[in-house]
Amino acid sequence: MKTHRIHIAEDFSPTPGARYRSDGPDSGQQFREEKLIPLLKSDGHDIRIIVVLDGVYGFATSFLEEAFGGLAREIGVEECLRIIEIVSDDDPQLVDEVDAYIRDARLET
Amino acid sequence: MTEPRDIEKLRRWQIQHSRYSAAKRAAYRDWRKRRNLENNVGIRKEGSILVRAPSELSLIDSAAATFEFIGRILSHVHRGHKIYIDLSEVTSVRQGAVMALIAALQNAKDNGRRPSIRGNWPKSDQCTSFLVQSGFLEYLYSVPRQHSSDSLFFPISSGHDSGNDIARALTDFYIRHAVAGEVSLTRHRLYGALIECMTNTKNHAFTNVEGKRCRWWVTAHFDKPAGRIRFTFFDNGLGIPTTVRQRLMEALLRELGPTEALIDCKLLTSAMNGEERTSTKKANRGKGLESIHRSFTEGYIDSLVVLSNSAHFDARKTDSEPLSGPLTGTLFTWSVPTIPADVSVVA
């Protein structure tokens, strides 16, 4: 199983924005479409993606929900939970928050 | 052609046959003068209508007088009058009042008005400094911004979407003044709260509003003696109580009028507490306001106050209270301590 590591502050933006591209730059939708989905397309679903949240200025709840909840809506909750691992030493609370967004996506799928 | 002698004759005839005596006419002139003095209108200063500012310009501490002041300016702007704002008696200024005035004037400009505004300075040096450094004059009189990097003010800035750059600059402003250096979690919550405010404005505050462009204003002020930075965010959109999902009975009661303020209070409190109010009706939406409130309950920010439409939410209290005068839009204001509680600073 291939493992990828995405450091949001370095590989995407130190200043993440809001939910949709239309909301402004560096949105959750943009992160999902430009960073997460391409990995799934190129390597299939038999991968692990470690997403490091440290080093950014902060997150809006809508960014995290759209990036990870949005991914769960696309590929399924169980698949998303298996593939995505969140690392957040700066703000450990964010790990549970993202987990809740992924699990709650079940309600919409 | 009428001779001057005839005009004089006519004037004397008019006075003699007037329904009102000279005394009555003088009394009427005095009454008009007094009324104008009381209303602050009609008195002209250098060819402009004089509007006096209240001593305390604040939407929170002096809401009624501040709303009246802004309303008076707007009414003259809409009538195309030139205005002279007398700020001389102002002894206290808060960012929210300044931004509400700027927003109202900007809206008038967007609708084709060309406000002609002049004025004087407050006698208070502190207030003058506030108005100069906050960037107020840039908006009001179109004078260049006077701002230095070591200023205690983050100048009033505006945008229309999630302004990551401005949120970053404001967070850097906090980090620059934080005595204990960068405080990671506070930085996280602060940046998140700013993006939430900006995004809420873009996605909800101006939906289906004609004649208004989506725009928000934000600023910060470092109160050095208190060791706090006060952040203030304002938009003049529909307001939170209007844009959150209302239950049928709430919508009906709100339409009735007299109970509007009470319903606004209930809706605002409910939205700040993260109850299911999102207009999208989707799971995990509408969490932005709750996350700002959570930053308060977890102690990262303090003195959180939200004014929206007819409601005043103070995070230290359980329920919102009616605001003395309806606000067009929403004002968020909170403080961030520059010295965290668990850090002792040795002088």
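Because the structure is a prediction, the values reported are computed rather than measured.

Would you mind showing me how to read the overall build of chain A here?
A count of helical and extended segments in chain A gives 5 helices and 3 strands. Taken from N to C terminus, the helices and strands of chain A fall in the order β-α-α-β-α-α-β-α. Taken over the C-alpha trace, chain A has a radius of gyration of 13 Å; the compact-globule value for 109 residues is 13 Å, and the two agree within 12%. Across its three principal directions, the C-alpha atoms of chain A cover 30 × 30 × 25 Å. Taking the contacts inside chain A whose residues are at least 6 apart along the sequence as the reference set, 72% of them involve residues at least 24 apart. If the 12 positive side-chain charges of chain A are averaged to one point and the 23 negative ones to another, these points end up 6 Å apart.

Would you take a moment to explain the packing of aromatic side chains for this structure?
When we look at a pair of aromatic rings, we describe it by the centre distance and by the angle of the planes. Using the criterion set out here, one finds 11 aromatic pairs over all chains in the structure. Between Phe31 of chain A and Phe63 of chain A, the ring centres sit 5.9 Å apart and the planes meet at 40 degrees, which makes this aromatic pair tilted. You can see Phe31 of chain A sitting in helix α2 (residues 28–43) and its partner Phe63 of chain A sitting in helix α3 (residues 61–75), a full 32 residues away along the chain. For Phe63 of chain A, a relative accessible area of 0% translates into the label buried. Residues Phe231 of chain B and Trp334 of chain B carry aromatic rings whose centres are separated by 6.1 Å and whose planes lie at 20 degrees to one another, so their mutual orientation is stacked. With a gap of 103 residues between them, Phe231 of chain B in strand β9 (residues 228–235) and Trp334 of chain B in strand β13 (residues 330–337) connect regions that are remote in the sequence. Per residue, the accessibility class of Phe231 of chain B equals that of Trp334 of chain B, and both read buried. One cation-aromatic arrangement involves Arg19 of chain A over Tyr20 of chain A; the distance from NZ or CZ to the ring centre is 5.8 Å. Here the guanidinium or amino end of Arg187 of chain B rests over the ring plane of Tyr57 of chain A, the centre of that ring lying 5.5 Å away.

Explain the pattern of salt bridges to me, please; I cannot follow it from the model alone.
Two side chains with opposite charge may pair up if their charged atoms get near one another. Residue and element names in this part refer to chain A. Considering all chains together, one arrives at 27 salt bridges over all chains under this definition. Where Lys2 meets Asp43, a salt bridge forms, and the shortest distance between an N and an O atom there is 3.7 Å. Of the two residues, Lys2 sits in strand β1 (residues 2–7) while Asp43 sits in helix α2, which places them 41 residues apart along the sequence. Exposure remark for Lys2: the relative accessible area of 47% places this residue in the partly exposed category. Here Arg73 ties to Glu65 by a salt bridge, and the two come within 3.0 Å at their closest N and O atoms.

The rules behind the values
- Residues numbered from 1 in each chain as written.
- Chains lettered and ligands numbered in written order.
- Predicted model: local features only at pLDDT ≥ 70, side-chain atom pairs only at ≥ 80, totals over all residues.
- Heavy atoms only, no water.
- Helix = DSSP H or I, 4+ residues; strand = E, 2+ residues; numbered from the N terminus.
- Rg over C-alpha atoms; globule rule 2.2 N^0.38 Å.
- Contact = heavy atoms within 4.5 Å.
- Lys, Arg positive; Asp, Glu negative; His and termini not counted.
- Charge placed at Lys NZ, Arg CZ, Asp CG, Glu CD.
- Phe/Tyr/Trp six-rings, centres within 6.5 Å; stacked < 30°, edge-to-face > 60°.
- Buried < 20%, exposed > 50% of the residue type's maximum accessible area, 1.4 Å probe, protein only.
- Lys NZ or Arg CZ within 6 Å of the ring centre and 35° of its normal.
- Salt bridge = Lys/Arg side-chain N within 4 Å of Asp/Glu carboxyl O.

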